[in-house]
Amino acid sequence: MYRSFHIKNEIRVLGIDDSALIRDQIMIVGAFFRGGGWLDGVMRSYVTKDGMDSTDAIVEMARSSKHFGQIRVIMLDGVTYAGFNPVDINYTWEQTGIPVIVVMRAYPNFRKIEDALAYLPEPKKRMDIILKAGEITKVQTKKRAQPVYIQHAGIEPEHAAKIVQLTATRSNIPEPLRVAHLIATGIVLGESRGKA
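This write-up is about the structure you can find in this document. Think of each chain on its own: its residues are numbered from 1, step by step along the sequence as written. Given that the model is predicted, a residue must reach a pLDDT of at least 70 before its local features are reported, and side-chain atom pairs must reach 80 or more before they are shown or counted; all residues, however, enter totals for whole chains, interfaces and linings. Note: side-chain values were computed over all heavy atoms of the structure, leaving out hydrogens and water.

Thoughts on the pairing of strand β3 (residues 38-48)
This is how it is decided: Strand pairing is defined by DSSP finding a minimum of two bridges between the two strands. Each helix corresponds to a stretch of at least 4 residues labelled H or I by DSSP, and each strand to a stretch of at least 2 residues labelled E; elements are numbered beginning at the N terminus.
Where strand β2 (residues 25-34) and β3 come together, 10 bridges link them in antiparallel fashion. Across the sheet, Phe32 pairs through a bridge with Gly41, a residue of β3. The antiparallel pairing of β2 with β3 creates a hairpin that spans 3 residues between the two strands, and Gly35 there sits at a positive phi of about 60°.

Looking at the environment of Arg72
The condition that has to hold: Distance and chemistry together define a polar contact, namely a pair of N or O atoms within 3.5 Å, with one atom able to donate a hydrogen and the other to accept it when in protein, and with adjacent residues in sequence counting only for side-chain atoms on both sides.
Mapped onto the fold, Arg72 is located in the loop between α1 (54-64) and β4 (73-77). Linking Arg72 and Ile11, residues 61 residues apart in sequence, is a C-alpha distance of 6.7 Å. Side-chain polar atoms of Arg72 contact the backbone oxygen of Gly69, separated by 3.1 Å.

Re the packing of aromatic side chains
By convention here, two paired aromatic rings are described through the distance between centres and the angle between planes. Which entries qualify depends on this criterion: Only Phe, Tyr and Trp rings take part, Trp by its six-membered ring, and two of them pair if their centres are within 6.5 Å. Stacked means planes under 30 degrees apart, edge-to-face means over 60, and tilted covers everything else.
Evaluation of the coordinates by the stated rule reveals 1 aromatic pair. On the numbers, 5.6 Å between centres and 90° between planes, the contact of Tyr107 with Tyr149 is edge-to-face. In this pair, Tyr107 is assigned in the loop between β7 (100-104) and α3 (110-117) and Tyr149 in strand β9 (residues 148-153), connecting sequence segments 42 residues apart.

Quick word on the sheet that holds strand β1 (residues 12-18)
For clarity, the cut-off: Interaxial angles span 0 to 180 degrees and are taken between N-to-C directions of axes, which are lines fitted to C-alpha atoms, for helices over the stretch in contact. Whether two residues touch is decided by their heavy atoms; if any such pair falls within 4.5 Å, the residues are in contact.
Reading across the sheet, the 7 strands line up as β3-β2-β1-β4-β7-β9-β8 and stay open at both edges, with mixed pairing between neighbours. Among the strands making up the open sheet, the edge pair consists of β3 and β8 (137-139). Here the average twist between neighbouring strands, direction ignored, is 25°. One ladder, built from 4 bridges, connects β1 with β4; its direction is parallel. Looking at the pairing, Leu14 lines up with Ile74 of β4. Across the sheet, helix α5 (residues 157-167) is in contact with β1, β4, β7, β8 and β9; its angle to β9 comes to roughly 130°.

Some points on the packing of α1 against helix α2 (residues 89-96)
What counts is decided by this rule: By definition in this entry, angles of less than 35 degrees are roughly parallel, angles greater than 145 are roughly antiparallel, angles of 65 to 115 are roughly perpendicular, and the rest are oblique. Crossings are classed by handedness, with left-handed meaning an anticlockwise turn of the near helix from the far one by less than a right angle and right-handed meaning a clockwise turn.
Running from amino to carboxyl end, α1 crosses α2 at an angle of 30°, the nearest separation of the two axes being 10 Å. Considering their axes alone, α1 and α2 lie roughly parallel with respect to each other. Handedness of the α1/α2 crossing: right-handed. Each of Thr55, Asp56, Ile58, Val59, Ala62 and Arg63 in α1 lies in contact with α2, whose residues at this interface are Tyr91, Thr92, Gln95 and Thr96.

This is the structure:
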């Protein structure tokens, strides 16, 4: 089942990214955007490094926001946070009623992910959550030679792709995620680092 809505240029998007993995509790930052051009708010939460609490933290972050009634899409930078703390995007959609779009810079190597999970508690449960995110679709944004890859819950793939393209105004990565990354790393490390 998909939520139906009209995609406006200033669609309200909550983009969430995590900060550097330098502590056991990792800050995640939500950047609330109108389309790809206007930052309306910032929020934060914490998840456990290599834990199993990302889904609950993201659901709570969205539901507790003063912008909750306006959020049309939750956009995630990958399906794991704080190392290998997986996000169940279908559960997130069910609990919030807000469609979820996962954006990745590269097609995931599931074999390498499975090998890495073998060193953590509940590796099968983690892998099941990752695989449950579903089909991966390639989307062309700013640079045609560098597509991004998406997964989605609660939204049709063509609508998810259109929102990613609409919000990728300054780079291949949608602006809500790019800004969330800059804020998260800047706060924790003193200056923004990494790809944004």
